[in-house]
Amino acid sequence: MPQYEKILLKNMEQPGYSGSLQDYERTGGYQALRKVLKGISPADVTDIVKNSGLRGRGGAGFPTGVKWSFVPKDHPGPKYLCCNADESEPGTFKDRQLMERDPHQLLEGMVLTCYAIGAQTGYIYIRGEFRLGATILERAIEEAKQAGYIGQNVLGSGLTANIYVHAGAGAYICGEETALLESLEGKRGMPRFKPPFPATHGLYQQPTVVNNVETLANIPHIVTRGAEWFASIGAPPRSTGTRIFCLSGHVKWPGNYEVPMGITFRELIFENGGGMRSDSKKLKGIIPGGASAAFFTEEHLDVKLDFESVAQAGSMLGSGGVTVMEEGTSMVWAAMRLMEFFYHESCGKCTPCREGSSWLLQTLQRIWARRGRAEDLDMLLDLCKNIEGRTICAFGDAEVAPVVSTLRYWRNEYEELIREAEVTRPAKGEIPVFTH
Amino acid sequence: MLLEKHQELITELLSRYPVKRSALLPLLNLAQREEGYVSEAAMKEIAKILDLTPPQVYETATFYTMLNLKPIGKFHIQICKSIMCGLVGSDDLIQWLQNRLGIRVGQTTGDRLFTLSAVECLGSCGTAPMMQINDDYYEQLTAEKVGRVLEDLRREGTSPLKSGPFMFPQPAGSR
Ligand SMILES: Cc1cc2nc3c(=O)[nH]c(=O)nc-3n(C[C@H](O)[C@H](O)[C@H](O)COP(=O)(O)O)c2cc1C
Ligand code: FES
């Protein structure tokens, strides 16, 4: 297996590394913060991040430094930083590891970001189920406060950077940045219309930056080692740095793999992941970037894992969740199972998404139960057309991706099930429908 | 009553936000930890603490799936049914759990010990199938392992099989 230099997982992979403040300091932790406070201006920190080419790791891939520069400098009131630790995109489990194993890396990134954008308060919006992660972060914040890295007058510099953990309570949509802000304000987590963007009207209508855990964890390293160093890793100029890909499904060794962007799916799945779980079964499909990403087939194995290449091939790098499916997996079942998720998680604000997800799910369930009709496939596509691009947030686009892409590559499977329509029970050996 | 019992914690929570209402989810979570669910009385009290109306609290509480608005069993088994877990056998485990506990998904056992829910992705798809019971994650499940967890919980109230700080795969040479 090829070895790459890791950035984010490097510390935690050292034997005995506990993620305590002491451990983190011993590996050079909080040196970036010291360096900045000794005389790099907030604008310069923003420029360093801009020049590094770092793009958001939460899903949309927006250039981080550019996002920061939208925050007004002369704003008279408070500004906020929100760390998006909602990590609810099915197939994604990297932020959890970053928080539970090396919490100070994230905290240092947050203090640096607070400094760069002029925020005095940062909230970590962590999904409610991550109780262990929240406890570990609370403890780390306490440690960092004692040591003067967080709080009033950071390291005697006059900088104020308070950081708090804020736990959600179970709602995928709260990962969408404006829904996150609504939820943080104590309301139902329903996305806001944009514009205005959070950079000018965010939390409590004040300028706010929302960044993903992995994005923020990169900041100390970029500050310490420089923009040029970071920009030379991966697939420059558009996809710089490493990414933690979360490998799941029918692979031999699932898990988190930090690799430079630009390696191929084949390398990730067959070298890092050890290939298919069962040697006798071929790869059939790939979900390349979390549940919201359009499916790929084995023909896409040589696509490179960088923002541009995956987009050109018709999907998205998304959250970094890569799920592998072997021969024999029903793609209708896969689309249906994903649609159960989207139906359950639709917040209900926009009609096309709220009603459409229910129609899509019912139609898929009908086809899967061998009660489909010939016209169902066109109806599915028609429904998708009326959802995509017609909702306030990107959830609408996400929910149609699995349907449209499985219909594109495996339409014959749908047609076969419809032909079997008179048989009402799933054939033996197939994955059963789970209803409740 | 929440306020009487957790005065200090609540004051600290409120101090984190410039707007009181932001403490709503933290307080609802606290109420649930206290009683196992969020009771109407708790919602009314929270409304008072935060200067909200009870409907404002209720409308928010009903949005979030983790908040139980009715009493549930002592151990809340939430097994993941999303696709990544589904690919590696979660459906069989759910079936197995239903048989073992003698209840269906959504029900509570007669002794009020276990409530079984099937939930969407809990962010642990590389170590699937998985479940969460109260605060703890249990991963890389087999029927045998789930059986042991249930026995542990019945006897001890806790199980050593729960997950610690997450790292997967474990790097060679650690531990
Ligand atoms: C439906 C939906 C769910 C999302 N869930 C998450 C999430 O769980 N975690 C995350 O970091 N970003 C999520 N995002 C992306 C955020 O809206 C936002 O783009 C991101 O937090 C920005 O941070 P970044 O620029 O560092 O990536 C989601 C977006 C949508 C539309
Ligand atoms: S799909 Fe089960 S934990 Fe993600």
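Fair warning: this is a prediction, and the values are worked out from it, not measured in the lab.

Conventions used here
- Residues numbered from 1 in each chain as written.
- Chains lettered and ligands numbered in written order.
- Predicted model: local features only at pLDDT ≥ 70, side-chain atom pairs only at ≥ 80, totals over all residues.
- Heavy atoms only, no water.
- Helix = DSSP H or I, 4+ residues; strand = E, 2+ residues; numbered from the N terminus.
- Buried < 20%, exposed > 50% of the residue type's maximum accessible area, 1.4 Å probe, protein only.
- Areas by Shrake-Rupley, 256 points an atom, 1.4 Å probe, with all protein chains shown as cover.
- Lys, Arg positive; Asp, Glu negative; His and termini not counted.
- Charge placed at Lys NZ, Arg CZ, Asp CG, Glu CD.
- Near = heavy atom within 4 Å.
- Polar contact = N/O pair within 3.5 Å; in protein donor to acceptor, adjacent residues only side chain to side chain.
- Nonpolar A, V, L, I, M, F, W, Y, C, P; charged D, E, K, R; others polar.
- Domains from an automatic or database assignment.
- Buried area = accessible area lost by both parts, 1.4 Å probe.
- Salt bridge = Lys/Arg side-chain N within 4 Å of Asp/Glu carboxyl O.
- Axes fitted to C-alpha atoms, helices over the stretch in contact; angles between N-to-C directions.
- Parallel < 35°, antiparallel > 145°, perpendicular 65-115°, else oblique.
- Left-handed = near helix turned anticlockwise from the far one by under 90°.
- Contact = heavy atoms within 4.5 Å.
- Pairing = 2+ DSSP bridges.
- Right-handed = clockwise from strand over helix to strand, strands pointing away.
- Expected span 1.5 Å × (residues − 1).
- Bend = angle between axes of the 7 residues up to and from the residue.

Asker: Kindly report on the overall build of chain B, identifying the contributing residues and their values.
Answerer: Each helix and strand in chain B was counted, giving 7 helices and 4 strands. Along chain B, helices (α) and strands (β) appear in the sequence α-α-α-α-β-α-α-β-β-β-α when read from the amino end. Overall, chain B is about 50 × 45 × 30 Å in size when its C-alpha atoms are taken along their principal axes. Considering chain B as a whole, with its 175 residues, one finds that 57% of them fall into the buried category. For chain B, the exposed area adds up to about 7900 Å²; of that, 51% sits on carbon and sulfur atoms. With 19 positive and 20 negative side-chain charges, chain B shows a separation of 2 Å between the mean positions of the two kinds.

Asker: Account for the site of ligand 1, naming residues and giving values.
Answerer: Residues and elements named next belong to chain A. Within the structure, ligand 1 sits among 19 residues, and G58, K67, N84, N212 and T215 are positioned closest to it. The contact in question runs from an oxygen atom of ligand 1 to an N or O atom on the backbone of R57, over 3.3 Å. Take S88: an N or O atom from its main chain is 3.4 Å from an oxygen atom of ligand 1. In terms of residue class, the shell around ligand 1 is built from 5 nonpolar, 8 polar and 6 charged.

Asker: An account of the domain arrangement of chain A is requested, with residue identities and associated values reported.
Answerer: Residue and element names in this part refer to chain A. Under the domain assignment, chain A is made up of domain 1 (11-232), domain 2 (239-326) and domain 3 (331-424). Taking both partners together, domain 2 and domain 3 bury about 990 Å²; carbon and sulfur atoms supply 73% of that area. There are 1 salt bridge connecting domain 2 and domain 3. Salt-bridge contacts for K284 lead to E413; the nearest nitrogen and oxygen are separated by 2.4 Å. There are 2 residue pairs in polar contact (both at pLDDT 80 or more) connecting domain 2 and domain 3. Those elements that provide at least two residues to the side of domain 2 that touches domain 3 are β9 (283-287) and β10 (296-297). At 3 residues, the largest contribution of residues to the side of domain 2 that touches domain 3 is made by β9. For the side of domain 2 that touches domain 3, the residue count by class is 7 nonpolar, 4 polar and 1 charged.

Asker: An account of the domain arrangement of chain B is needed here, citing residue identities and associated values.
Answerer: One can read the domain layout of chain B as domain 1 (2-63) and domain 2 (75-156). The distance between the C-alpha centroids of domain 1 of chain B and domain 2 of chain B comes to 29 Å.

Asker: I'd love a proper account of the packing of helix α14 (residues 351-368) of chain A against helix α15 (residues 376-387) of chain A, names of residues and values included.
Answerer: Two measures define how a pair of helices packs: the angle their axes make with one another and the distance between the axes. Residues and elements named next belong to chain A. Interhelical geometry of α14 versus α15 gives an angle of 160 degrees and a closest axis separation of 10 Å. As judged from the angle between their axes, α14 and α15 are roughly antiparallel. Regarding α14 and α15, the two cross each other, and that crossing is left-handed. On α15, the residues that touch P352, C353, G356, S357, W359, L360, T363, L364, R366 and I367 of α14 are D376, L377, M379, L380, L383, C384, N386 and I387. Here the residues of the contact of α14 with α15 are counted per class, giving 12 nonpolar, 4 polar and 2 charged.

Asker: Could you give an account of the pattern of salt bridges, naming the residues involved and the relevant values?
Answerer: Throughout the structure, instances matching the rule amount to 44 salt bridges over all chains. A salt bridge links K20 of chain B to D51 of chain B, with the shortest nitrogen-to-oxygen separation between them at 3.1 Å. Placement of K20 of chain B in the loop between α1 (2-14) and α2 (24-35) and of D51 of chain B in the loop between α3 (40-49) and α4 (54-61) is noted, with a sequence separation of 31 residues between them. Accessibility expressed as a relative area gives 38% for K20 of chain B, which makes it partly exposed. Connected through salt bridges with shared partners, the residues R337 and E340 of chain A together with K81, D91 and E120 of chain B form a single ionic network.

Asker: Give me the lowdown on the pairing of strand β3 (residues 162-167) of chain A, citing residues and values where you can.
Answerer: Residues and elements named next belong to chain A. Of all 6 residues making up β3, 5 are buried, and the element is well covered by its neighbours. With 6 bridges joining them, strand β2 (residues 121-126) and β3 adopt parallel strand pairing. Paired with T121 across the two strands is N162, which belongs to β3. As for the winding sense of the linkage, the β-α-β connection from β2 through helix α7 (residues 131-146) to β3 is right-handed.

Asker: Run through the packing of helix α6 (residues 103-117) of chain A against helix α9 (residues 213-225) of chain A, naming residues and quoting values.
Answerer: All names here are of chain A. In the contact formed by α6 and α9, the axes pass within 7 Å of each other and the chain directions differ by 75 degrees. One element, α6, and the other, α9, form an angle in the roughly perpendicular class. The segment α6 lies against α9, with Q105, L106, E108, G109, M110, L112 and T113 engaging V213, L216, A217, I219, P220, H221 and V223. The class makeup of the residues in the contact of α6 with α9 is 9 nonpolar, 4 polar and 1 charged.

Asker: Give a detailed account of the sheet that holds strand β3 (residues 131-133) of chain B, specifying residues and quantitative values.
Answerer: Residue and element names in this part refer to chain B. An order of β2-β1-β3-β4 is seen for the 4 strands of this open sheet, with the pairing classed as mixed. In this open sheet, the two strands that pair with only one neighbour each are β2 (114-119) and β4 (136-138). Averaged over neighbouring strand pairs, the angle between their axes works out to 25 degrees when direction is ignored. Of the strand pairs in this sheet, strand β1 (residues 75-80) and β3 are connected by 3 bridges, and their pairing is antiparallel. When the sheet's bridge partners are listed, Q78 is paired in β3 with Q132.

Asker: Give a detailed account of α1 of chain B, specifying residues and quantitative values.
Answerer: All names here are of chain B. The terminal C-alpha atoms of α1 lie 14 Å apart, and with 13 residues this falls more than 12% below the ideal 18 Å at 1.5 Å per residue. Bending of α1 peaks at approximately 70 degrees at the position of E8. Of the residues making up α1, those classed as buried are L2, H6, I10 and L13. Those residues of α1 hidden inside the fold are in contact with α2 and α3.

Asker: Talk me through the side chain of Q105 of chain A; I want residue IDs and the actual numbers.
Answerer: Within the secondary structure, Q105 of chain A sits in helix α6. Contact partners of Q105 of chain A, with chain neighbours within four places excluded, come to I7, L8, Y24, L98, A217, P220 and H221 of chain A.

Asker: Could you give me a rundown of the interface of chain A and chain B, with the residues and numbers involved?
Answerer: Between chain A and chain B, the residue contacts involve 69 residues of the former and 53 residues of the latter. Summed over both sides, the interface between chain A and chain B buries roughly 5100 Å², with carbon and sulfur atoms accounting for 59% of that surface. Remark: the boundary between chain A and chain B carries 5 salt bridges. In this structure, D91 of chain B and R337 of chain A form a salt bridge, with 2.9 Å as the shortest nitrogen-oxygen distance. At the junction of chain A with chain B, the criterion picks out 28 residue pairs in polar contact (both at pLDDT 80 or more).

Asker: How would you explain the sheet that holds strand β7 (residues 242-249) of chain A if you had to name every residue and give the values?
Answerer: Residues and elements named next belong to chain A. Within the open sheet, the 5 strands sit side by side as β8-β7-β11-β9-β10. Their pairing is mixed. Looking at which strands have only one partner, the edges of the open sheet turn out to be β8 (255-260) and β10. Sheet topology note: the β7/β8 ladder contains 6 bridges and is antiparallel. Bridging across to β8, R243 finds its partner in V259.

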